[in-house]
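For reference, the chains in residue letters:
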Amino acid sequence: MRHLLILLLLAFGFSYGQALWIETGLGYLEQLPPPESNARPDQEYDSGFKFGARVVVPVSEVTGLYLAPFLQNGFNVDAGAWFTLPLTIQDVEGFRSYVGTGLTLTGGRFGLALSGALSYDLSNDVALALIYTHRPLFTPKLSQAFDISVGLRFDLR
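If you're wondering where the values come from, they're calculated on a predicted model, not measured in any experiment. (Residues numbered from 1 in each chain as written. Predicted model: local features only at pLDDT ≥ 70, side-chain atom pairs only at ≥ 80, totals over all residues. Heavy atoms only, no water.)

1. Details of the overall build of the protein
When helices and strands are tallied, the protein shows one helix and eight strands. Counting from the amino terminus, helix and strand elements in the protein follow one another as α-β-β-β-β-β-β-β-β. Looking at the protein as shown, the accessible area adds up to about 9,000 Å², and 68% of this sits on carbon and sulfur atoms. (Helix = DSSP H or I, 4+ residues; strand = E, 2+ residues; numbered from the N terminus. Areas by Shrake-Rupley, 256 points an atom, 1.4 Å probe, with all protein chains shown as cover.)

Spelled out as structure tokens, the structure:
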């Protein structure tokens, strides 16, 4: 419950341009060998349904801070910086692209979260989004996780 409260305070506690993303998709988490073994995993993954949200709070016109809690075989969270890539005259109208980097706590493992997203504006305040996140994990052993999601981005102006 307190995580939801924090998410709501972040979403509505700042002035201009914050965004709320609702994401759902499939996620994969590399299996680790038993603790007594020093063997490296054979690139086998546990897959699972992912449902999450991402709150982006602007720091500047193209940079924001994000908090992205999600459910995938338990509670997980990403947090970091989110960047809107600048538009050029050659860009197709209605599309926006984003990249993000930060930290993650996934399946009891800690690491980096590297994200990319593409959205298409359905209206002034709602967009359809495709999001990919890759997570190189460092502890307790080197491993990785990733997910691909589709969702909606709501601009809260």
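Additional details are given in the paragraphs that follow.
2. Brief notes about the confidence of the model for the protein
Scored by pLDDT, the protein comes out at a mean of 86, with 82% of its residues at no less than 70. Element-level mean pLDDT values for the protein span from 54 in helix H1 (residues 2-12) up to 96 in strand E7 (residues 126-139). (pLDDT = per-residue confidence, 0-100.)

3. A few points about the nonpolar core
Ranked by size, the top nonpolar core spans 11 residues in total: Ala19, Trp21, Val56, Tyr66, Ala68, Trp82, Tyr98, Ala113, Ala117, Ala129 and Ile131. If we skip the residues at most four places from it in the chain, Val56 touches Gln18, Ala19, Trp21, Gly64, Leu65, Tyr66 and Trp82. (Core = buried A, V, L, I, M, F, W, Y, C linked by side-chain atoms within 4.5 Å. Buried < 20%, exposed > 50% of the residue type's maximum accessible area, 1.4 Å probe, protein only. Contact = heavy atoms within 4.5 Å.)

4. Regarding the pattern of salt bridges
Following the criterion strictly, the structure yields eight salt bridges and no others. Across the salt bridge formed by Arg54 and Glu23, the nearest N and O atoms sit 2.8 Å from each other. Of the two residues, Arg54 sits in strand E2 (residues 45-58) while Glu23 sits in strand E1 (residues 18-30), which places them 31 residues apart along the sequence. No difference in accessibility class separates Arg54 from Glu23, as the two residues are buried. Across the salt bridge formed by Asp147 and Lys50, the nearest N and O atoms sit 3.3 Å from each other. Of this pair, Asp147 sits in strand E8 (residues 143-156) while Lys50 sits in strand E2, and the two are 97 residues apart along the sequence. Across the pair, exposure class does not vary: Asp147 and Lys50 are buried alike. When salt bridges that share partners are traced, they join Glu23, Lys50, Arg54, Asp78, Arg135 and Asp147 into one network. (Salt bridge = Lys/Arg side-chain N within 4 Å of Asp/Glu carboxyl O.)

5. What to know about the packing of aromatic side chains
Scanning the entire structure with this criterion turns up eight aromatic pairs. For the ring pair Trp21 and Trp82, a centre distance of 5.5 Å and an interplane angle of 85° mean the geometry is edge-to-face. Residue Trp21 is located in strand E1, and its partner Trp82 is located in strand E4 (residues 75-84); the two are separated by 61 residues in the primary sequence. With 6.5 Å between their ring centres and 35° between their planes, Tyr132 and Phe146 make a pair best called tilted. Separated by 14 residues along the polypeptide, Tyr132 in strand E7 and Phe146 in strand E8 bring together distant segments of the chain. Assessed through its relative accessible area of 23%, Phe146 is described here as partly exposed. Across the ring face of Phe70, the terminal group of Lys50 is positioned such that the distance to the ring centre comes to 5.1 Å. If you follow Arg54 out to its NZ or CZ, it ends over the ring of Trp82, 4.5 Å from the centre. (Phe/Tyr/Trp six-rings, centres within 6.5 Å; stacked < 30°, edge-to-face > 60°. Lys NZ or Arg CZ within 6 Å of the ring centre and 35° of its normal.)

6. Some thoughts on the side chain of Arg54
Under the relative-accessibility criterion, Arg54 is labelled buried at 1%. Within the structure, the side chain of Arg54 is placed 2.8 Å from the side chain of Glu23, a separation counted as a polar contact. Residues contacting Arg54, with those up to four places away along its chain left out, are Ala19, Leu20, Trp21, Glu23, Tyr66, Leu67, Ala68, Trp82, Ser115, Ile131 and Thr133. (Polar contact = N/O pair within 3.5 Å; in protein donor to acceptor, adjacent residues only side chain to side chain.)

7. As for the sheet that holds E2
The strand order around the closed barrel formed by eight strands is E1-E2-E3-E4-E5-E6-E7-E8, and the pairing between neighbours is antiparallel. For this sheet the average axis-to-axis angle between neighbouring strands, irrespective of direction, equals 25°. (Pairing = 2+ DSSP bridges. Axes fitted to C-alpha atoms, helices over the stretch in contact; angles between N-to-C directions.)

8. Some points on the pairing of E4
In the sheet, strand E3 (residues 63-71) pairs with E4 via nine bridges, with the strands oriented antiparallel. Opposite Thr63, over in E4, you have Phe83 as the bridge partner. The turn linking E3 back onto E4 is made up of three residues, and Asn73 within it adopts a positive phi angle of 55°. With eight bridges joining them, E4 and strand E5 (residues 95-106) adopt antiparallel strand pairing. In the strand pairing of E5, Ala81 is matched with Thr101.

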